[in-house]
Amino acid sequence: MTALRGLQWGDGSWHNIYACSNPNQVLEWHRDVGPAVWVALAVASYEAATGDLVTYREMALRAVNFGFGFQQDDGGVNGGFEATQQGYRFHSWGSTEHAIDLYAAARYFYGDQPRTGQVKQFLETVVWDAVEGRWLGGRADQRDPLDVNTWGVATLGDEYAVALDYALTTHRVTLGGIDAVDFNSDRNDIWFEGTGQLIVALHAVGRTSDAQYFLQQMANGQTANGGIPYSLQGTNNGYWTMSTANAVSSAAWLIFADAAFNPLGLGTATVTSAAPTPDPVVVEPPVTASDKAYSWLRSQQLANGLVDSFEHGGAADDLCVVYDQAVAAIAFVVKADYDRARAVLT
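Residues numbered from 1 in each chain as written. Predicted model: local features only at pLDDT ≥ 70, side-chain atom pairs only at ≥ 80, totals over all residues. Heavy atoms only, no water.

Student: Please explain the pairing of strand 8 (residues 172–175) as it appears in this structure.
Tutor: In summary, the side chains of a regular strand alternate between the two faces of the sheet. Inspection of the sheet shows strand 8 paired to strand 9 (residues 178–181) by 4 bridges, in the antiparallel sense. The residue of strand 9 that forms the bridge with T174 is D179. In this structure, the hairpin formed by strand 8 and strand 9 is closed by a connection of 2 residues, where G176 is found at a positive phi of approximately 60°. (Pairing = 2+ DSSP bridges. Helix = DSSP H or I, 4+ residues; strand = E, 2+ residues; numbered from the N terminus.)

Student: How should the state of the cysteines be read in this particular structure?
Tutor: Among covalent bonds in proteins, the disulfide is the one between the sulfur atoms of two cysteines. Per the stated rule, a full pass over the model turns up 1 disulfide. Each sulfur in the disulfide pair C20 and C320 lies 2.2 Å from the other. Its torsion about the S-S bond being 120°, the disulfide of C20 and C320 is classed as right-handed. Here C20 is found in the loop between strand 1 (17–19) and strand 2 (22–28), whereas its partner C320 is found in strand 10 (residues 319–321), with 300 residues between them in sequence. In this pair, the class of C20 matches that of C320, namely buried. (Disulfide = S-S within 2.5 Å. Buried < 20%, exposed > 50% of the residue type's maximum accessible area, 1.4 Å probe, protein only.)

Student: I keep staring at the sheet that holds strand 1 and nothing clicks. Help me out?
Tutor: By definition, the strands of a sheet pair up through backbone hydrogen bonds, in either a parallel or an antiparallel sense. Across the sheet, 3 strands lie side by side as 2-1-10; this open sheet has antiparallel pairing. With one partner strand each, in any of the chains shown, strand 2 and strand 10 form the two edges of the open sheet. Strand after strand, the sheet turns through a mean of 40° between neighbouring axes, direction not considered. The sheet contact formed by strand 1 and strand 2 spans 3 bridges and is antiparallel. The partner of Y18 across the bridge, within strand 2, is V26. Across the sheet, helix 12 (residues 322–334) is in contact with strand 1 and strand 10; its angle to strand 10 comes to roughly 70°. (Axes fitted to C-alpha atoms, helices over the stretch in contact; angles between N-to-C directions. Contact = heavy atoms within 4.5 Å.)

This is the structure in structure tokens:
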């Protein structure tokens, strides 16, 4: 957390991507709501695990407040700043994913305040498709990314468990002998990060046997050094072209999945900041998949505290994606490696 604290803007945001070898070099100038709020979620996990409610609290609150700065009349939040080196303008779109992130983080840090409830109302009315039992990609975005459904269930719970049935019906695919899920419903790839997200959501609604089955399937995609590819085939998912390199986000979500740890479900801290106790349930890993992923994740951390998002990622080499820093910090917390978590965040 040390590294991220030094890069935070005064308004609570970060640029989306930095060069790992030189964090002063910005590789993607946009300053989006979702990645910023995931840093706040990393702080929430750290607080819940350590009881340290002081060190990173201000950084987290600034990130959450940055998100609320883009809240619209319908309760949702627009994406943040579409920035270049020359200047910036506001994103005009509103993402379901970003709203989920903000709701989970705001509920922890601020409780069930009116503006938190407005975000929830957006998720339950504006972008929820009751006919198909799924969330839309965003305001006026009819696409069907997997993560809005898995994260939505992980955040809002059993009432929306039907979204997991939708995901398994429309995103499930078997490729290379691995039975998992794709980012979208064209089912021409396996998205390993998303498979980990599915497992966490299945645990959140008590579908333990399904979660354990997909955990084994995800582990089947693990490479010899413990890394997990971002995707199997490297296809375009309708938003971007996915990498096939071993990815920090995939390794982190395998660690969450193995521990049945839900980073979106920490609940509500009290006004006096009494952090919730994390769920003590631990699922036995298939072979040593989680430990191997943790070892690989450690190898990706640099001396400056940042975690290189991809292993020998070609065009994606030397990328430190802010979202990846957040989930890596949470993974270190899950493994009780607080020194490494602090190195990412400070």
